[in-house]
Amino acid sequence: MNRAEVATLLGAASAVDPKVPHPDPDVLTMWVGILDDVPADVAGAAVRAHYRHNDETVMPADIVEYWRTIRRDAAEREHNAQLRARAIERPPNLRAIRDGIARVAAALAITRGVDPEYAEAEVEARRAYLAVACTWCKARPGSPCTGPGGKPLTKQPAHDARLADALASTR
Ligand SMILES: [Zn+2]
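Residues numbered from 1 in each chain as written. Predicted model: local features only at pLDDT ≥ 70, side-chain atom pairs only at ≥ 80, totals over all residues.

Draft legend 1. Structural context of the overall build of the protein chain. Secondary structure summary: the protein chain contains seven helices and zero strands in total. The buried share of the protein chain, taken over its 171 residues, is 22%. Considering only intrachain contacts with a sequence separation of at least 6, the fraction spanning at least 24 residues in the protein chain is 60%. (Helix = DSSP H or I, 4+ residues; strand = E, 2+ residues; numbered from the N terminus. Buried ≥ 20, exposed ≤ 12 C-beta atoms within 10 Å, placed from the backbone. Contact = placed C-beta atoms within 7 Å.)

Draft legend 2. Spatial organisation of the nonpolar core. Within the largest apolar cluster, 14 residues are counted, with the highest numbers of intra-cluster contacts made by Val6, Leu9, Leu35, Ala43, Val47 and Ile63. Elements represented by at least two residues in this core include exactly helix 1 (3-14), helix 2 (25-35), helix 3 (40-53) and helix 4 (60-89). Top element by residues in this core is helix 1. It accounts for four residues. With sequence-adjacent residues up to four places away left out, Val47 is seen in contact with Leu9, Ala13, Val58 and Ile63. Core analysis: the second largest hydrophobic core is formed by twelve residues, Ala128, Val132, Ala158 and Leu163 among them. (Core = buried A, V, L, I, M, F, W, Y, C linked by C-beta atoms within 7 Å.)

Draft legend 3. Quick peek at the packing of helix 1 against helix 2. Between helix 1 and helix 2, the least distance of the axes is 9 Å, while the angle of their chain directions is 105°. Compared by their axis directions, helix 1 and helix 2 come out roughly perpendicular. Facing helix 1, whose interface residues are Arg3, Val6 and Ala7, helix 2 presents Leu28, Trp31, Val32 and Leu35. (Axes fitted to C-alpha atoms, helices over the stretch in contact; angles between N-to-C directions. Parallel < 35°, antiparallel > 145°, perpendicular 65-115°, else oblique.)

Draft legend 4. Structural view of helix 1. Taking 1.5 Å per residue as the helical rise, helix 1 with its twelve residues ought to reach 16 Å, and the 16 Å between its terminal C-alpha atoms agrees with that figure. Burial in helix 1 covers these residues: Val6, Leu9, Leu10 and Ala13. Mapping the buried residues of helix 1 onto a view down its axis gives an arc of 95°, with all of them on the same face. Exposed and facing more than 90 degrees away from the buried side of helix 1 are Ala4 and Gly11. Next to the buried residues of helix 1 lie helix 2 and helix 3. (Expected span 1.5 Å × (residues − 1). Arc of directions from axis to C-beta.)

Have a look at this one:
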């Protein structure tokens, strides 16, 4: 923030808090010295946030702390986004496949396509259980399990026995 921005900020703050210092030259020099790397819009948001929760006069340190928190949150978000991107790029590993099978087995919990991190694991899981025969309904590898009358299963993607065999085969 520059002097004009600090003066504007103090003027705005004084509307809600008469104890805010007057923007005389010494005050401006001090505040600008402390807040020179804080963007004006962030400082404005910091002051608004401060007076929502405090009846004490806002100090430069409150604004710096707010700015720090915003940057830390942004860095965390970026870090998490990178981790997610890396998880998607990485070729599926056995643990992901097993997780995927466990997830597929919990058919009620499936929300297909909603979670991109798991969508890929589910595809792998499907590949894994289709690779083995089903000892329950005698479906051959590559063919889906069938229920009574040869109808496709509706409550789960494959029989428990087949999922268990697929799970064992990825260990
Ligand atoms: Zn089956």
